[in-house]
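Spelled out, the chains give:
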Amino acid sequence: MVKKLALIIHQNIIDESKLQYENVELISVQQFREFLYNFEGFKNITEKEQLDNTAVVLAYAKLEKLMFEGKKLIFSIFINDNFEGDFFQSSLEELIEKYKYELLELKLARLASSDQYAHQGYFKDSYNLADTPCNLVLKKSIANEDLKKLSDFLGG
C-alpha cells in the first residue's frame, strides 16, 4: 500500500468538513487550536500564542504517530505554522523520508465564503468558553479544483 500525505496549507480559517474521506485521517492545527481555546481559554495575547504553539506541537505529534502506523493522512496547517526548530525532533521532510510517504502539497489560494462561522477565539485578545458567542467571520470554503486534486491524490 502506498502511504500518502496531503499537506493542506491555508492562510484563512477554513471549513474542514470537506476534508473528510473514508480511511483517511485528518490532522488539523485549526481543530487543536479551537479545542484548546475552549478547554483552556486565554486572558491575553501571550497566553493565546502559547495555546497556538501547543496546538502545533500536538498536531505534529499526532502526525508522527499516524505516519508510524502507516495511515493515509491529510495534514491541515496555517501558512504561518512553523514545523522546524526547537519544538520538533524531525522536520516534516525528514518524517516523509523516514516513513516513506508520497506527498501532495496543496496551498489553498482561491477560497469562497461558507455558511460556517469561525471560532471566536481567533478574533479576541481574551477568551473563555462562557463568553457570549459572536458570529463575526465566516470560514472559507475550499475551491472545487483543489478538492478534486486532493480526491485524485488520495484515491490513487
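Residues numbered from 1 in each chain as written. Predicted model: local features only at pLDDT ≥ 70, side-chain atom pairs only at ≥ 80, totals over all residues. Heavy atoms only, no water.

A. Spatial organisation of the overall build of the protein. On a plain count of helices and strands, the protein comes out with 4 helices and 6 strands. Of the regular secondary structure in the protein, the N- to C-terminal order runs β-β-α-α-β-α-β-β-β-α. Going through the 156 residues of the protein one by one, you find that 45% of them count as buried. Put simply, of all contacts in the protein between residues at least 6 apart along the chain, 76% involve residues at least 24 apart. Here the protein has roughly 9,000 Å² of accessible surface; of this, 48% comes from carbon and sulfur atoms. (Helix = DSSP H or I, 4+ residues; strand = E, 2+ residues; numbered from the N terminus. Buried < 20%, exposed > 50% of the residue type's maximum accessible area, 1.4 Å probe, protein only. Contact = heavy atoms within 4.5 Å. Areas by Shrake-Rupley, 256 points an atom, 1.4 Å probe, with all protein chains shown as cover.)

B. Looking closely at the side chain of Asp-15. Secondary-structure assignment places Asp-15 in the loop between strand S1 (4-10) and strand S2 (25-28). Within the structure, Asp-15 has its side chain in polar contact with the side chain of Ser-17 (distance 2.8 Å). Sequence-distant contacts of Asp-15, that is, excluding residues within four places in its chain, are made with Ser-114, Gln-116, Lys-139, Lys-140 and Ile-142. (Polar contact = N/O pair within 3.5 Å; in protein donor to acceptor, adjacent residues only side chain to side chain.)

C. Representation of the sheet that holds strand S4 (residues 102-107) within the structure. Strands sit in the order S2-S3-S1-S4 across an open sheet of 4 strands; the sheet is parallel. The two strands at the open ends of the sheet, each matched to only one other strand, are S2 and S4. Strand-to-strand twist of the sheet, defined as the mean angle between neighbouring strand axes without regard to direction, takes the value 15 degrees. Of the pairings in the sheet, the one linking S1 to strand S3 (residues 73-78) comprises 6 bridges and is parallel in character. (Pairing = 2+ DSSP bridges. Axes fitted to C-alpha atoms, helices over the stretch in contact; angles between N-to-C directions.)

D. Examining the environment of Leu-36 more closely. Of note, Leu-36 is situated in helix H1 (residues 29-39). Using a relative accessible area of 7% as the deciding quantity, one classes Leu-36 as buried. In the structure, Leu-36 is positioned 15 residues away from Leu-51 in sequence and 6.4 Å away in space, judged by C-alpha atoms. Discounting chain neighbours no more than four positions away, the residues touching Leu-36 are Gly-41, Leu-51, Thr-54, Ala-55 and Leu-58.

E. The arrangement of the confidence of the model for the protein in detail. Of the residues in the protein, 88% reach a pLDDT of 70 or more, and the chain-wide mean stands at 85. Of all the helices and strands in the protein, strand S5 (residues 111-117) carries the lowest mean pLDDT, 75, while S2 carries the highest, 96. (pLDDT = per-residue confidence, 0-100.)

F. Structural detail: the pattern of salt bridges. Enumeration over the complete set of coordinates arrives at 5 salt bridges. Between Lys-148 and Asp-152 there is a salt bridge, with its nearest N and O atoms 3.0 Å apart. Linking Lys-148 with Asp-152, this pair stays in helix H4 (residues 144-155), spanning 4 residues, or about one helical turn. (Salt bridge = Lys/Arg side-chain N within 4 Å of Asp/Glu carboxyl O.)

G. A look at the packing of H1 against helix H2 (residues 45-68). Contact geometry for H1 and H2: axes closest at 8 Å, N-to-C directions at 130 degrees. One way to sum up the angle between H1 and H2 is to call them oblique. Note that H1 runs across H2; the crossing there is right-handed. Mapping the contact onto sequence places Val-29, Phe-32, Arg-33, Leu-36 and Tyr-37 in H1 and Lys-48, Leu-51, Asp-52, Thr-54, Ala-55, Val-56, Leu-58, Ala-59 and Lys-62 in H2. Residues belonging to the contact of H1 with H2 are distributed by class as follows: 9 nonpolar, 1 polar and 4 charged. (Parallel < 35°, antiparallel > 145°, perpendicular 65-115°, else oblique. Left-handed = near helix turned anticlockwise from the far one by under 90°. Nonpolar A, V, L, I, M, F, W, Y, C, P; charged D, E, K, R; others polar.)

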